[in-house]
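Each chain, letter by letter, is given below.
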Amino acid sequence: MRGSTRIEAKRQRRREGREAGRRRGPVLTEAEFLARRESVDRAMLVRSAPGRVQIAVMEDDVLVEHYVAGGQAPSLIGNVYLGRVQNVLPSMEAAFVDIGRGRNAVLYAGEVNWRAAGMADQPKRIELALSPGDPVLVQVTKDPSGHKGARLTSQVALPGRYVVYVPQGAMTGISRKLPEQERTRLKRLLREILPEDAGVIVRTAAEGATAEQLGRDVERLCAQWEEITRAAAIANPPTVLYSEPDLAIKVVRDIFNEDVGRLVVAGAATWQVIADYVAAVAPDLADRVTSWTGARDIFAEHRVDEQIAKALDRRVYLPSGGSLVIDRTEAMTVIDVNTGRFTGKGGTLEETVTRNNLEAAEEIVRQLRLRDIGGIIVIDFIDMVLESNRDLVLRRLVECLGRDRTKHQVAEVTSLGLVQMTRKRIGQGLLETFSEPCATCSGRGVRISLEPATPVPNPASLPRPLPAVTTNGQPGDPAAGDRGDSTGEDLDAEDLDAEDLDGEDLDGEDLDGEDLDGEDLDGEDEEDDLDEDEDEDDDAGLDEDEDDEDDDEDDDEDDGLDEDEAAGGESRRGWLRVGRRTR
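Calculation notes
Residues numbered from 1 in each chain as written. Predicted model: local features only at pLDDT ≥ 70, side-chain atom pairs only at ≥ 80, totals over all residues. Heavy atoms only, no water. Helix = DSSP H or I, 4+ residues; strand = E, 2+ residues; numbered from the N terminus. Buried < 20%, exposed > 50% of the residue type's maximum accessible area, 1.4 Å probe, protein only. Contact = heavy atoms within 4.5 Å. Areas by Shrake-Rupley, 256 points an atom, 1.4 Å probe, with all protein chains shown as cover. Polar contact = N/O pair within 3.5 Å; in protein donor to acceptor, adjacent residues only side chain to side chain. Patch = residues over 30% accessible without salt bridge, like charges linked within 9 Å, V, L, I, M, F, W, Y side chains within 5 Å. Salt bridge = Lys/Arg side-chain N within 4 Å of Asp/Glu carboxyl O. Lys, Arg positive; Asp, Glu negative; His and termini not counted. Charge placed at Lys NZ, Arg CZ, Asp CG, Glu CD. Pairing = 2+ DSSP bridges. pLDDT = per-residue confidence, 0-100. Core = buried A, V, L, I, M, F, W, Y, C linked by side-chain atoms within 4.5 Å. Expected span 1.5 Å × (residues − 1). Arc of directions from axis to C-beta.

Next up on the list: the overall build of the protein. In terms of regular secondary structure, the protein is built from 18 helices and 23 strands. Here the protein, with 583 residues, has 42% of them falling under the buried criterion. Within the protein, residue pairs in contact and separated by at least 24 positions form 65% of the contacts whose partners lie at least 6 positions apart. Summing over all exposed atoms, the protein offers an accessible surface of approximately 32,300 Å²; the carbon and sulfur share of this is 48%.

The following block contains the structure:
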């Protein structure tokens, strides 16, 4: 392979994406996509406090996005710097650049502007374009996180109200969230407005914009780029050439459009700044900006703080009784779907599981947006037998993602019932904003000791006191070990630990077929499999033959016996089965 591995990988992903799009029909039509996007009541709430500004995006009075500025390091995304190359690593196809922010930022070969470097017709090798000590004009695309520095690109893009101006690019793109007829109209207008040596990316907010509005936006961005180039000619690296506006203006510029019904601002100074900006760039939306005059706090009135607190939990409860468990790792985020208390209302197990998965799909998209989860995301929906139900859940997931303005990609349901997707994350997540790592465990949640740890039992899992059982008509004495054992053997406390007889097994409600030698009691074990304390996602996809083959092994595991005890403890297991039937 010649040239850059990263550039070739990017090309290959684009080719595979186009081929997959040709082979597979659209998940939903354009009309359905737009109807889903526009079928909600959107509102933006801004709360200004000393040293902090918070912005909440509401859909049908439910919090879906949250932004905060103040109390943390300001975001560097969008800032343009004249940096100095510190080191070039050809084997990593990357260069480390000093931008004056302490930690060096990284510029990968796939983000180098080869036209500006004069290497349009040469092999794309980063060591040929950059050398240590060279000044380079870069823009931040991702904030530093953890031990990783900021991500850079030398393909500068200046965002505006309706378009993103790419001064050194020749490509014109239009948001896929716009209908095809509107895309055609905007392309025709841009041919007359756009300079020949520049490109633009049309934003979703440009829907319905006139030629005059687009032209004014492009002219302002062209003048802004000229100021950057003049400053770069006389500046000494590293230095900042352009900084993004504060959070309030930035969010209003990117989100506030025709789809937002109202923008309510609490705080006189912030309201004046936002009102002046909207009146200048979007006067048709000025009447939707209002000042909060209520006696209570604006976030308390709309229960925003309460919803933020719930979004910081690991478990998310669904309205019908199901739940989501969201775990984050270094490589990906894993979301597990559980039925919990939701057992359906008649019908079959397949109908119950499908309804729970459909409800979970909507809540998953909301949590992704609210928590700003990015990277690789794996969703473990409950197994569904029918292919039509799997397509229905995937369709609902894609429909809800139509409201997410962040770039994302959803793959098909795998053979294991998993949905794999990616989502671009550019800023800090909700958890990082409102938390800090534990000084003791460094965020792992456990304390490490060189001595073996003594397990602390969970009070909820301790066995309940066993009732006295009569033997030959005489009451037995539990203290003396006489428990009415049908085999005549005494059982001590080790035989009745929390694994053998937990609180659920004693009340007789959660006895499934596996506890009784694989024999079904009355066909109700399908509903028992949906208990929220047991993860039975995989069991829904097993056929009857596989169930029968694993009965013997399941009996040993359920009774808390290891392999050695299972070989010679038939009488003990028999007592457990008889005792459970008796109770």
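Read on for the rest.
Glancing now at the side chain of Asp217. You can see Asp217 is positioned in helix H5 (residues 211-234). When its relative accessible area of 5% is taken as the criterion, Asp217 is described as buried. Separated by 3.1 Å, the side chain of Asp217 and the backbone nitrogen of Arg161 make a polar contact. Setting aside anything within four residues of it in sequence, one finds Asp217 in contact with Gly160, Arg161, Tyr162 and Val163.

Before going further, it helps to examine unusual backbone geometry. Across the junction of Pro237 and Pro238, the peptide omega takes the value -5°, indicating a cis bond. Topologically, Pro238 is positioned in the loop between H5 and strand E13 (239-242). With phi around 60°, Arg303 is a residue other than glycine that occupies positive phi space. Within the secondary structure, Arg303 sits in the loop between helix H8 (298-301) and helix H9 (304-311).

The grouping of Arg6, Arg13, Arg14, Lys142, Lys148, Arg151, Arg176, Lys407 and Lys424 at the surface amounts to a positive patch. In terms of residue count, helix H1 (residues 5-23) provides more of the positive patch than any other element does, 3 residues in total. Summarising the element assignment, Lys424 is placed in the loop between strand E21 (418-423) and helix H12 (430-433).

Adjacent strands of a sheet form backbone hydrogen bonds with each other and so pair up, either parallel or antiparallel. Taken in spatial order, the 4 strands make up an open sheet running E9-E10-E12-E11, and their pairing is mixed. Each edge of the open sheet is held by one strand with a lone partner, namely strand E9 (158-159) and strand E11 (173-174). As judged from the 2 bridges shared by E9 and strand E10 (residues 163-166), these two strands associate in the antiparallel manner. Across the sheet, the residue bridging to Leu158 is Tyr165, located in E10.

With that settled, the discussion passes to the side chain of Gln213. Relative to the elements of secondary structure, Gln213 occurs in helix H5. Within the local environment of Gln213, its side chain forms a polar contact with the backbone nitrogen of Thr210, the two atoms lying 3.1 Å apart. Setting aside residues no more than four positions away along its own chain, Gln213 makes contact with Tyr162 and Asp284.

The subject of this paragraph is the confidence of the model for the protein. Residues at a pLDDT of 70 or more form 73% of the protein, whose mean pLDDT is 76. With pLDDT under 50 throughout, residues 470-583 is counted as low confidence; its partners more than four residues away or in other chains account for 130 contacts.

Looking now at the pattern of salt bridges. Summed over the entire model, instances satisfying the criterion amount to 27 salt bridges. The partner of Asp297 in a salt bridge is Arg47, with the nearest N and O atoms 2.8 Å apart. Of the two residues, Asp297 is situated in the loop between strand E15 (289-291) and H8 and Arg47 in strand E1 (residues 42-49); the sequence distance between them amounts to 250 residues. Arg423 is the partner of Asp404 in a salt bridge, and the nearest nitrogen-oxygen pair spans 2.8 Å. Note that Asp404 is positioned in the loop between helix H11 (387-401) and strand E20 (408-413) and Arg423 in strand E21, a separation of 19 residues in sequence. Note on accessibility: Asp404 and Arg423 belong to one class, buried.

Counting residues in each nonpolar core, the largest one holds 50 residues, and the members touching the most others are Met44, Ile55, Leu158, Phe256, Leu263 and Ile274. Core analysis: the next-biggest nonpolar cluster, separate from the first, contains 27 residues, Leu358, Ile364, Ile377 and Val410 among them.

Our next topic: helix H7 (residues 268-281). For an α-helix, the turn length of 3.6 residues means that residues three or four places apart are oriented alike. The terminal C-alpha atoms of H7 lie 20 Å apart, and with 14 residues this matches the ideal 20 Å at 1.5 Å per residue to within 8%. Regarding H7, the residues found buried are Thr270, Ile274, Ala275, Tyr277, Val278 and Val281. One side of H7 carries all its buried residues, which in axial view fall inside an arc of 165°. Those residues of H7 that are exposed and angled more than 90 degrees off the buried face are Ala268, Ala269 and Ala280. Its buried side turned inward, H7 meets E1, helix H6 (247-255), strand E14 (260-266) and E15.

Below, the discussion takes up the environment of Glu65. Along the polypeptide, Glu65 turns up in strand E3 (residues 62-69). Sequence separation between Glu65 and Ile55 is 10 residues, and the spatial gap between their C-alpha atoms is 8.3 Å. Sequence-distant contacts of Glu65, that is, excluding residues within four places in its chain, are made with Ile55, Ala56, Val57, Ile255, Arg369, Leu370 and Arg405. A polar contact of 2.5 Å, which involves the side chain of Glu65, links it to the side chain of Tyr67.

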